[in-house]
Amino acid sequence: MGVPQLYYFTIRGYGEYIRLLFIDNGIKFEDIRYVFGSPEWDELRKSMIFGQMPTLKYDGKEYAQTGAIMRHLARVHDLNGSSEDDATFLDMFFEGVRDSRMKYGRYIYMDEGTREDLTQKTLPDCLANFEKLFKIHQGKFIIGDKPSYTDYILFEELDAYTYLDATILDKFPSLKAFWEMMWQRPNLKAYLEKRKADGVWISGVEKGMK
C-alpha cells in the first residue's frame, strides 16, 4: 500500500475523522488541504468523484464519501471489531453520530434553532443515546480496549460540542472519560494541542468556535 493522500479543506470538518484515524494509528499519509472557494479547489473538484471532499487516493485508486473511506480504512487496518456483530454495532454507532453532526450542522450553517436549544436539548438527547451505547461493551473504547474507526468520529464530535458548552459532557461520565482519554493518546496529544492553539475552525464558518 502506497502512502495515502487525503484531500480536504483547511478546516476540521468531515476530513478530521480520517486525519485522527491516521495519526492515532501511526499511519503515514499526505494531508493535502485546500481553502474552500479557492481557484485551486474549484479546478480540482472537476476531476473528483462527486466533485467533493474528503477524497482519499493511493495506489492509483480514488475513494470518496466520508463513511466509505472510514470503513475502508477500518477493514484494511483492523479497526472494525472482531466479528460481524462488532462491525454492525460500530456501523450503527457511526451513523448515529453522523445524525448528531447533521443537527449540529443545521445550527452552524442554517441558523436553525438557538444555541440554547442545541446545547440544552438537541445534543444532550443525542449524547444520552451515545452514553447508553458506549456502556454496552466493557473497555475504554466503544468496543473493548482497542480503538475502532467509530471512536474517531465520536471523539471529534464530542470535542466540537465542548466548544459550544464546556460542561456539555458532565452528565455523561462514560463519554467524558472517553473524550479525556483520547486527548491523552500519545500519537494524538501534540496534534490536538497544536490544532487548538492554531484555532483551526471546526466548520466552514467561525460559528461554533466560542
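Residues numbered from 1 in each chain as written. Predicted model: local features only at pLDDT ≥ 70, side-chain atom pairs only at ≥ 80, totals over all residues. Heavy atoms only, no water.

In the nomenclature of an unreviewed UniProt entry, the protein chain is known as glutathione transferase of Caenorhabditis nigoni. Note on the protein chain: under the UniProt heading Sequence similarities (unreviewed entry), the record states "Belongs to the GST superfamily. Pi family." The UniProt entry for the protein chain carries the following comment under Subunit (unreviewed entry): "Homodimer." (UniProt positions renumbered as here; feature names shortened; annotations may be inferred.)

## Quick look at the packing of aromatic side chains
Throughout the structure, instances matching the rule amount to 11 aromatic pairs. Among the aromatic side chains, those forming a connected cluster through ring pairs are Y8, F9, F36 and W41. Positioned above the aromatic ring of Y7 is the side chain of K57, whose terminal nitrogen or guanidinium carbon lies 5.0 Å from the ring centre. The side chain of R98 reaches across the aromatic face of Y14, ending 4.9 Å from its centre. (Phe/Tyr/Trp six-rings, centres within 6.5 Å; stacked < 30°, edge-to-face > 60°. Lys NZ or Arg CZ within 6 Å of the ring centre and 35° of its normal.)

## Digging into the pairing of strand β4 (residues 61-64)
Of the pairings in the sheet, the one linking strand β3 (residues 55-58) to β4 comprises 4 bridges and is antiparallel in character. Bridge pairing in β4 places L56 opposite Y63. Counted along the chain from β3 to the antiparallel partner β4, the turn is 2 residues long, and its residue D59 has a positive phi close to 50 degrees. (Pairing = 2+ DSSP bridges. Helix = DSSP H or I, 4+ residues; strand = E, 2+ residues; numbered from the N terminus.)

## Some thoughts on the side chain of E156
On the secondary structure map, E156 appears in helix α6 (residues 149-164). Within polar-contact distance, the side chain of E156 engages the side chain of R195 at 3.0 Å. The residues touching E156, leaving out its near neighbours within four places in the chain, are R12, E16, Y17, L20 and R195. (Polar contact = N/O pair within 3.5 Å; in protein donor to acceptor, adjacent residues only side chain to side chain. Contact = heavy atoms within 4.5 Å.)

## Let's talk about a nonpolar patch on the surface
Taken together, the side chains of Y109, M110, W201 and V205 present a nonpolar region at the surface, about 410 Å² in accessible area. With respect to the element layout, M110 can be found in helix α4 (residues 84-110). (Patch = residues over 30% accessible without salt bridge, like charges linked within 9 Å, V, L, I, M, F, W, Y side chains within 5 Å. Areas by Shrake-Rupley, 256 points an atom, 1.4 Å probe, with all protein chains shown as cover. Salt bridge = Lys/Arg side-chain N within 4 Å of Asp/Glu carboxyl O.)

## Here we look at helix α5 (residues 115-134)
The sharpest bend along α5 measures roughly 40 degrees and falls at P124. Looking at the buried positions of α5, the neighbouring elements they touch are α4, α6 and α7 (173-183). (Bend = angle between axes of the 7 residues up to and from the residue.)

## Quick look at the domain arrangement of the protein chain
Assigned domains within the protein chain: domain 1 (5-77) and domain 2 (84-185). Between the C-alpha centres of domain 1 and domain 2 the distance comes to 22 Å. In this assembly, 14 residues from domain 1 lie in contact with 16 residues from domain 2. Among the residues domain 1 hides against domain 2, the three largest losses belong to R12, Y17 and R71. Together they make up 41% of the total. (Domains from an automatic or database assignment. Buried area = accessible area lost by both parts, 1.4 Å probe.)

## Regarding unusual backbone geometry
Cis rather than trans, the peptide bond between M53 and P54 has omega equal to 10 degrees. Take P54: it is sitting in the loop between α2 (39-44) and β3. The residue F50 is not glycine, and still its phi comes out positive at about 65 degrees. Mapped onto the elements, F50 comes out in the loop between α2 and β3. Look at Q65: it is not a glycine, yet its phi comes out positive at around 80 degrees. Looking at the secondary structure, you find Q65 in the loop between β4 and α3 (66-76).

## Remarks on the UniProt feature "domain: GST C-terminal" (unreviewed entry) in the protein chain
With numbering matched to this structure, UniProt assigns "domain: GST C-terminal" (unreviewed entry) to residues 83-200. Secondary structure across residues 83-200 divides into 71% helix and 0% strand, with the first and last C-alpha atoms of the span separated by 37 Å.

## So, α3
α3 sits mainly inside the fold: 8 of its 11 residues count as buried. For α3, the secondary structure elements touched by its buried residues are α1 (15-24), β3, β4, α4 and α6. (Buried < 20%, exposed > 50% of the residue type's maximum accessible area, 1.4 Å probe, protein only.)

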